Amino acid sequence: MAAGWEPRPSTDADGAEWRPVLDVPPPGRQRRWTVFLRWLLLLPQFVVVAVLSIAAFFVTVVGWFSALVLGRLPDPIFSFLGSVLAYQTRVTAAAALLVDRYPPFAFDAPDYPVRIELRATPLNRLAVLFRLILMIPAAIVSSLAQSGWLAISWVFWLIGIVLGRLPEPVFGATAAVVRYRMRLTAYTTMLTPVYPKGLLGDAPGAAAQPAYSATRPLRLSTAAQVLVWLFLLLGLAGHLTSGTVNYDTTDDDYRAAAATRTAN
């Protein structure tokens, strides 16, 4: 994360809208045994993330009222929510096989290869008031992408075990989903006033800039973009199938209840 929490411009030097940044090193070799046991090894981290998420929810509620009054998040709230988001992102990146290094049990992890950068910028009070409504489209996109990734994550897991690394398209598409989720959370918790974008990678102008990390800028190959679209389609199919199953179950229950009333 950024070292300080002082207010910063909400735009880059060229006037472009600035969004929270995810830094992940380029894909490299991974130990096959840690890939095989990755989610089992991360179980303690998942528990910590769950506890932190509960605390962050209540702090976000307080931050929402504060932002309505002040037009920004108070520094302690911004610092806490930013630290929680950084922690969550490190665990998510490790679970998604983007890095092989185990995330530390600490808010401050300057030596960990996965980092995020946030800027404490002013907030539009009207956008804060309607934040829950405004976030719905991005939340749907993020949910579909994550559901689609989970549906075929076992394939990526097998690839990681066999090759000892993730191929570039898989790495890029996965990083795009992780970054979009991070940006959505930052927007939801009012850590940024900028709406989440960039699921298919950065715009050509941003992508032409010198590379700071493998995800800054995030340049997705055609194969990686196809994978992202596949995530979205699989996620949509899963949601539609789930809805159909629930509907059929409800209909069967209704018919069974009607038959019982008739028998009585």
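Here the structure is shown first, and the text comes after it.
**Things to note about the pattern of salt bridges**
The full count for this structure, using the stated rule, is 7 salt bridges. Between Arg-216 and Asp-23 there is a salt bridge; the shortest N-O distance is 2.6 Å. With Arg-216 in the loop between α9 (204-207) and α10 (222-263) and Asp-23 in strand β1 (residues 21-23), this pair connects stretches of sequence that are 193 residues apart. Given a relative accessible area of 22%, Arg-216 falls into the partly exposed group. For Asp-23, a relative accessible area of 3% gives the class buried. One network of salt bridges, with partners in common, ties together Asp-23, Glu-117, Arg-119 and Arg-216.

**Thoughts on the packing of helix α4 (residues 75-95) against helix α8 (residues 168-188)**
Running from amino to carboxyl end, α4 crosses α8 at an angle of 160 degrees, the nearest separation of the two axes being 11 Å. Compared by their axis directions, α4 and α8 come out roughly antiparallel. Between α4 and α8 lies a crossing of right-handed hand. Contact residues: α4 offers Leu-85, Gln-88, Thr-89 and Thr-92, while α8 offers Val-178, Arg-181, Met-182, Thr-185 and Ala-186. By residue class, the composition of the contact of α4 with α8 is 4 nonpolar, 4 polar and 1 charged.

**Points about the packing of aromatic side chains**
If you walk through the whole model with that rule in mind, you get 10 aromatic pairs. Ring geometry for Phe-57 versus Phe-58: centroids 5.3 Å apart, planes at 80 degrees, classification edge-to-face. Judged by its relative accessible area of 53%, Phe-58 falls in the exposed class. With centroids separated by 6.4 Å and ring planes inclined at 90 degrees, the aromatic side chains of Tyr-87 and Phe-107 adopt a geometry described as edge-to-face. Here Phe-107 lies in the loop between α4 and β2 (115-117) and Tyr-87 lies in helix α4, a separation of 20 residues in the sequence. Residue Tyr-87 is classed as buried on the basis of its relative accessible area of 3%.

**Some details on a nonpolar patch on the surface**
Taken together, the side chains of Leu-126, Leu-129, Phe-130, Ile-133, Leu-134, Ile-136 and Ile-140 present a nonpolar region at the surface, about 650 Å² in accessible area. Of all the elements in the fold, those that place two or more residues in the nonpolar patch are α5 (125-129), α6 (131-134) and α7 (136-163).

**Let's talk about α7**
Compared with an ideal rise of 1.5 Å per residue, which puts 28 residues at 40 Å, α7 spans 38 Å between its outermost C-alpha atoms and is within 8% of the ideal. Along α7, the residues that are buried comprise Ala-138, Ser-142, Leu-144, Ala-145, Gly-148, Trp-149, Ile-152, Ser-153, Phe-156 and Gly-160. Trailing α7 by a residue or two, Gly-164 shows a phi angle of about 75 degrees, which is positive.

Rules used throughout
Residues numbered from 1 in each chain as written. Predicted model: local features only at pLDDT ≥ 70, side-chain atom pairs only at ≥ 80, totals over all residues. Heavy atoms only, no water. Salt bridge = Lys/Arg side-chain N within 4 Å of Asp/Glu carboxyl O. Helix = DSSP H or I, 4+ residues; strand = E, 2+ residues; numbered from the N terminus. Buried < 20%, exposed > 50% of the residue type's maximum accessible area, 1.4 Å probe, protein only. Axes fitted to C-alpha atoms, helices over the stretch in contact; angles between N-to-C directions. Parallel < 35°, antiparallel > 145°, perpendicular 65-115°, else oblique. Left-handed = near helix turned anticlockwise from the far one by under 90°. Contact = heavy atoms within 4.5 Å. Nonpolar A, V, L, I, M, F, W, Y, C, P; charged D, E, K, R; others polar. Phe/Tyr/Trp six-rings, centres within 6.5 Å; stacked < 30°, edge-to-face > 60°. Patch = residues over 30% accessible without salt bridge, like charges linked within 9 Å, V, L, I, M, F, W, Y side chains within 5 Å. Areas by Shrake-Rupley, 256 points an atom, 1.4 Å probe, with all protein chains shown as cover. Expected span 1.5 Å × (residues − 1).

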